[in-house]
Amino acid sequence: MSSTELPGVHVSAAVVPPGRAVRVAEGEELHSVALPGLTLNIRSRPPQQAGPEPALYVHGLGGSSQNWSALMELLQDVVDGEAVDLPGFGDSPPPDDGNYSVTGHARAVIRLLDAGERGPVHLFGNSLGGAVATRVAAVRPDLVRTLTLISPALPEIRVQWPAVPTALLALPGAATLFSRMTKDWTAEERTRGVMALCYGDPARVSEAGFRDAVAEMERRLELPYFWDAMTRSARGIVDAYTLGGQHGLWRQAERVLAPTQLVYGGRDQLVSYRMARRASAAFRDSRLLTLPDAGHVAMMEYPEAVAQAFRELLDERGRS
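Residues numbered from 1 in each chain as written. Predicted model: local features only at pLDDT ≥ 70, side-chain atom pairs only at ≥ 80, totals over all residues. Heavy atoms only, no water.

Draft legend 1. Examining the pattern of salt bridges more closely. Applying the stated rule across the entire model yields 17 salt bridges. Between E28 and R43 there is a salt bridge whose closest N-O contact spans 2.8 Å. With a gap of 15 residues between them, E28 in the segment before strand 1 (29–35) and R43 in strand 2 (residues 38–45) connect regions that are remote in the sequence. Taken as a pair, E28 and R43 share a single burial class, namely buried. One network of salt bridges, in which partners are shared, links D91, E216, R219 and R220. (Salt bridge = Lys/Arg side-chain N within 4 Å of Asp/Glu carboxyl O. Helix = DSSP H or I, 4+ residues; strand = E, 2+ residues; numbered from the N terminus. Buried < 20%, exposed > 50% of the residue type's maximum accessible area, 1.4 Å probe, protein only.)

Right, dumping it as structure tokens:
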């Protein structure tokens, strides 16, 4: 049993019953990629013209490829974008080996890029996806053209209080206890709670956006592996925070060669705004965008600002 696995039998892809369909925005396409022991759902937005370089977007804990829809649309004129549902999230079934560690997720991304021969890509990551993207860029620099990290989940000595429940979810039995305690919560209540935690200002979410988020929450709660994927991935983050030496995420950040755009929100309750300075020092070729009113998911709250920062990164890369 790996350090991220829980006692008992996990739900494998082979026994997952079909659920309700995921939402697909106008102009987006969905397809799946089958790899040995792993199937990944991919959300793509075909570029407006032929020839742009490929991009891959990696979501955070509890998220999905839908988290990138707004940014993908804004950047479809400059990149050929795909967003992956990490194993056990979105519409991707659990991995056969039950490995939800940061390394396991990074390995899934690497296998996806190798299989599709799309690398090197412009790699985007948010939260857990930021930690995954950092590891990918460090161990496989040949796969990454540029790196854009939005509130990446890199180790903090002083974790913010709102992030503590996520860490506690990694404890044995915590997910079962929490699911029992919240069994009477409606999907609307759960969604409002998530938005209050992740957004700098939840009022920025449109009524239509809220309805879509509620529908996605209802869909996820029907999945038999929902809590298993959440718990094991949360434990994977905790494990990654405790790793030292060459496998430590900060050490790997120092090894990243790709030009890196960092994005931090001043109202982020999960990844501290103060980590922006340390990240800027760790990534050798970095530039920083700070959004004082943004929370943990700046690409959803302020997609125009994030898109502009990426365009400037492309321009700077082109001039060099």
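Draft legend 2. Broad picture of the side chain of T134. You can see T134 is positioned in helix 3 (residues 128–139). A distance of 2.8 Å separates the side chain of T134 from the backbone oxygen of G130, its partner in a polar contact. Look past the residues within four positions of T134 in its chain and what remains in contact with it is L149, L154, L249, Q252, A253, V256 and F283. (Polar contact = N/O pair within 3.5 Å; in protein donor to acceptor, adjacent residues only side chain to side chain. Contact = heavy atoms within 4.5 Å.)

Draft legend 3. Highlighting the environment of D293. For D293, the location among the structural elements is in the loop between strand 8 (286–291) and helix 11 (298–301). As for D293 and R267, which are separated by 26 residues in sequence, their C-alpha atoms are 5.8 Å apart.

Draft legend 4. Highlighting the packing of aromatic side chains. Here the structure, examined in full by the defined rule, presents 5 aromatic pairs. For the ring pair Y57 and W68, a centre distance of 5.3 Å and an interplane angle of 45° mean the geometry is tilted. Of this pair, Y57 sits in strand 3 (residues 53–58) while W68 is found in the loop between strand 3 and helix 1 (69–74), placing the two residues 11 residues apart along the sequence. Exposure class is identical for Y57 and W68. Each is buried. Aromatic pair W68 and F124: ring centres 6.3 Å apart, planes at 65°, arrangement edge-to-face. Of this pair, W68 sits in the loop between strand 3 and helix 1 while F124 sits in strand 5 (residues 121–126), and the two are 56 residues apart along the sequence. Its relative accessible area of 0% is what places F124 among the buried residues. These aromatic residues form a ring-pair network of at least three members: Y57, W68, F124 and F310. Here R204 stacks its cationic end above the ring of Y302, 4.1 Å away from the centre of that ring. (Phe/Tyr/Trp six-rings, centres within 6.5 Å; stacked < 30°, edge-to-face > 60°. Lys NZ or Arg CZ within 6 Å of the ring centre and 35° of its normal.)

Draft legend 5. Spotlight on the environment of G236. As for its position among the elements, G236 is in helix 8 (residues 226–242). Overall, G236 belongs to the buried group, its relative accessible area being 2%. Between the C-alpha atoms of G236 and Y100, which are 136 residues apart in sequence, the distance is 6.2 Å.

Draft legend 6. Spotlight on the sheet that holds strand 5. Across the sheet, which stays open at both edges, the 8 strands sit in the order 1-2-4-3-5-6-7-8 with mixed pairing between neighbours. At either margin of the open sheet sits one strand with a lone partner, and together these are strand 1 and strand 8. Across the sheet, the axes of successive neighbouring strands diverge by a mean angle of 20°, strand direction being ignored. Note that strand 3 and strand 5 share 4 bridges and pair parallel. Residue pairing across strands places V58 opposite G125, the latter belonging to strand 5. Most of the contacts of helix 3 go to strand 5, to which it runs at about 145°, and overall it touches strand 3, strand 5 and strand 6 (144–150). (Pairing = 2+ DSSP bridges. Axes fitted to C-alpha atoms, helices over the stretch in contact; angles between N-to-C directions.)

Draft legend 7. Layout of the nonpolar core. L123, L147 and F283 are the most contacted members of the largest nonpolar core, which has 53 residues in total. The next biggest cluster of nonpolar side chains, apart from the first, holds 33 residues, and it includes W68, L71, V214 and Y302. (Core = buried A, V, L, I, M, F, W, Y, C linked by side-chain atoms within 4.5 Å.)

Draft legend 8. Representation of the pairing of strand 2 within the structure. Among the 8 residues that make up strand 2, 7 are buried, leaving the element largely enclosed by the rest of the structure. Bridge count for strand 1 against strand 2 is 7 bridges, and the pairing is antiparallel. Across the sheet, the residue bridging to L35 is L38, located in strand 2. The antiparallel pairing of strand 1 with strand 2 creates a hairpin that spans 2 residues between the two strands, and G37 there sits at a positive phi of about 75°. Inspection of the sheet shows strand 2 paired to strand 4 (residues 79–85) by 5 bridges, in the antiparallel sense. By the bridge assignment for strand 4, R45 is matched with G81.

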